[in-house]
Amino acid sequence: MAELISYEPATGAELWRGATGDVDAEVAAARAGWAEWARRPFEARAEILRRFTEVVRERADAFADIIARETGKPLWEAKGEVDAVIGKVAISIAAYGERTPARSMEGALGARNHVRHKPHGVLAVLGPYNFPAHLPNGHIVPALLAGNAIVFKPSEKTPASGALLVTLFREAGVPDSVIRVVQGGRDEGKALAAHADIDGLLFTGSAGAGAALGRQFADTPQRILALELGGNNPLVVWDTPDIAAAATIVVQSGYLSAGQRCTCGRRLIVRDGAEGPLLTEVGKILDRVIIGSPHDEPAPFMGPVIDNDAATQVLAAYDRLVAKGAIVLRAMTRPDPDRPFLTPGLIDVTAVEELPDEEIFGPLVQLIRVPDFGAAIAAANATRYGLAASVVTDDAALYDRFWAGVRAGVINWNRPTNGAPSNAPFGGVGISGNHRPSAFYAADYCAYPVTSVEAAEARATIGQGLLQS
């Protein structure tokens, strides 16, 4: 087997190494184990997952350290990710009861009509690198609660975080045969997605990869496919008196996690001619932003992007926009050519013709100036994506117009684009997903409804179409 190595983006130090996985063997193991898991009462599965929260809580510092070192994100942010892993269990238990309840109704001839839910069987989970624990965990926990077995392939860029997540599930009592892990790269991911013995795939990643999976799964409609993809998210700032607060929201939206959140605000839309004070305040904050390694003191606001290849790609996208005529308001730079740290970039793309509709997964915000609020809504919708959108304004009527007019799965008012509660559905429209939102609604794609008409004894009549005896 080939060897996979994970390096810390902030330092280049080796963090983890291990063999790539055997997809056939892992799927077979999950297939052998899932039926016994599915037969257990829901409460028995839930109790094991409650134990998982305690195991994670006991190992929280070590878990956060691994996530921070492997992704490069600040330690404070990695600790927040571990907290989200812990919180997911209680939320998912509540969601299962609300989204997939058993129902009983009166039927004809003394029968009872029942609606219950059954697990799909073996579900593959492909995880991303930006939240290597929280995002796959958001698929895994509700899928396990529903009675499925899991074959999890972490991102090849964050194998250590994925391996530790699986270890913690097993330490809590989830049977080894019920949660399997396949380490590897693109080849292993493709093999898992194409495997004939999985019953579905739960994916978080890029829109391009999601589209490829959609084409692949078109020939197997019997398998569930849940896609949580990216966004080219708009942030509209309009006639707000608190410019300092608006600027803070801009910075949080655009640059949190070094711009590596699918909900980051990529496009800042403002009234033409009124942008000066906002840009001044944004600049003041960016002048104070600390960029550094996860454990630095004082703590950084943002770390590096995931690796040197990603940094090169983000800078290349920035350079292409500048070459097309974008005005540089704050240059994106790479202070150390050997490490993937990037400084926050801000460019005015108002005059750029044929502006690319792409998710640039890094710390770059594109300013768009428009004449009126109707044009702001039109600019917000000028994308194939539809994940997140936000408007900053004190005018409730403008927010109502924005909410009604913008196509997105997360629409916020006077809050950053990247603020979404775990106890609500999370997903997008357009090429940001396939109408299977995760978070609180993940229960919907982890089990399927079964309708049963039941009677304690056989009773039947044929009222029409028979000759008289």
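Above this text is the structure in question.
Here we summarise the structure given alongside this text. (Residues numbered from 1 in each chain as written. Predicted model: local features only at pLDDT ≥ 70, side-chain atom pairs only at ≥ 80, totals over all residues. Heavy atoms only, no water.)

Here we come to the overall build of the protein. Helices and strands together make up the secondary structure of the protein, namely 14 helices and 19 strands. Within the span of the protein, comprising 469 residues, buried residues form 54% of the whole. Look at the contacts in the protein between residues 6 or more apart in sequence, and 70% of them connect residues 24 or more apart. Roughly 19900 Å² of accessible area belongs to the protein as shown, and the carbon and sulfur atoms make up 53% of that amount. With 44 positive and 54 negative side-chain charges, the protein shows a spacing of 5 Å between the two charge centroids. (Helix = DSSP H or I, 4+ residues; strand = E, 2+ residues; numbered from the N terminus. Buried < 20%, exposed > 50% of the residue type's maximum accessible area, 1.4 Å probe, protein only. Contact = heavy atoms within 4.5 Å. Areas by Shrake-Rupley, 256 points an atom, 1.4 Å probe, with all protein chains shown as cover. Lys, Arg positive; Asp, Glu negative; His and termini not counted. Charge placed at Lys NZ, Arg CZ, Asp CG, Glu CD.)

This part covers the sheet that holds strand 19 (residues 447-454). An order of 3-4-19 is seen for the three strands of this open sheet, with the pairing classed as antiparallel. The sheet is open, and its two edges are formed by strand 3 (103-106) and strand 19, each paired on a single side. Strand-to-strand twist across the sheet, computed as the mean angle between neighbouring axes with direction ignored, equals 25 degrees. Bridge analysis of strand 3 against strand 4 (residues 112-119) gives four bridges, and the strand direction is antiparallel. (Pairing = 2+ DSSP bridges. Axes fitted to C-alpha atoms, helices over the stretch in contact; angles between N-to-C directions.)

The next point concerns the nonpolar core. Core analysis: the biggest nonpolar cluster contains 72 residues, and Leu49, Phe52, Phe63, Ile140, Leu144, Ile150 and Phe169 have the highest contact counts within it. Setting aside its immediate chain neighbours within four residues, phenylalanine 63 contacts Val56, Val82, Ala133, Ser161, Leu164, Leu165 and Leu168. (Core = buried A, V, L, I, M, F, W, Y, C linked by side-chain atoms within 4.5 Å.)

Take the pairing of strand 11 (residues 265-271) next. Of all seven residues that make up strand 11, six are buried, and the element is covered over most of its length. When strand 10 (residues 233-237) meets strand 11, the two strands line up parallel, connected through five bridges. Within strand 11, the residue paired with proline 234 across the bridge is arginine 267. On the question of chirality, the crossover connecting strand 10 to the parallel strand 11 by way of helix 9 (residues 243-255) is right-handed. For strand 11 and strand 14 (residues 364-370), the ladder comprises five bridges, and the chain directions are parallel. Bridging across to strand 14, leucine 268 finds its partner in leucine 367. (Right-handed = clockwise from strand over helix to strand, strands pointing away.)

So, about helix 11 (residues 308-323). Here helix 11 is 16 residues long and its end C-alpha atoms lie 22 Å apart, about the 22 Å a rise of 1.5 Å per residue gives. Of all the residues in helix 11, the buried ones are Ala310, Ala311, Val314, Leu315, Ala317, Tyr318 and Leu321. Looking down the long axis of helix 11, one finds its buried residues gathered within 155 degrees of arc, a one-sided arrangement. Summarising the geometry of helix 11, the exposed residues directed more than 90 degrees from the buried face are Asp309, Gln313 and Ala323. Residues of helix 11 that are buried in the fold lie against strand 12 (327-330), strand 13 (345-348) and strand 14. Capping the start of helix 11, aspartate 307 holds a side-chain oxygen 3.3 Å from the backbone nitrogen of aspartate 309, two or three residues further along. Downstream of helix 11 by one or two residues, glycine 325 has phi in the positive range, about 115 degrees. (Expected span 1.5 Å × (residues − 1). Arc of directions from axis to C-beta. Polar contact = N/O pair within 3.5 Å; in protein donor to acceptor, adjacent residues only side chain to side chain.)

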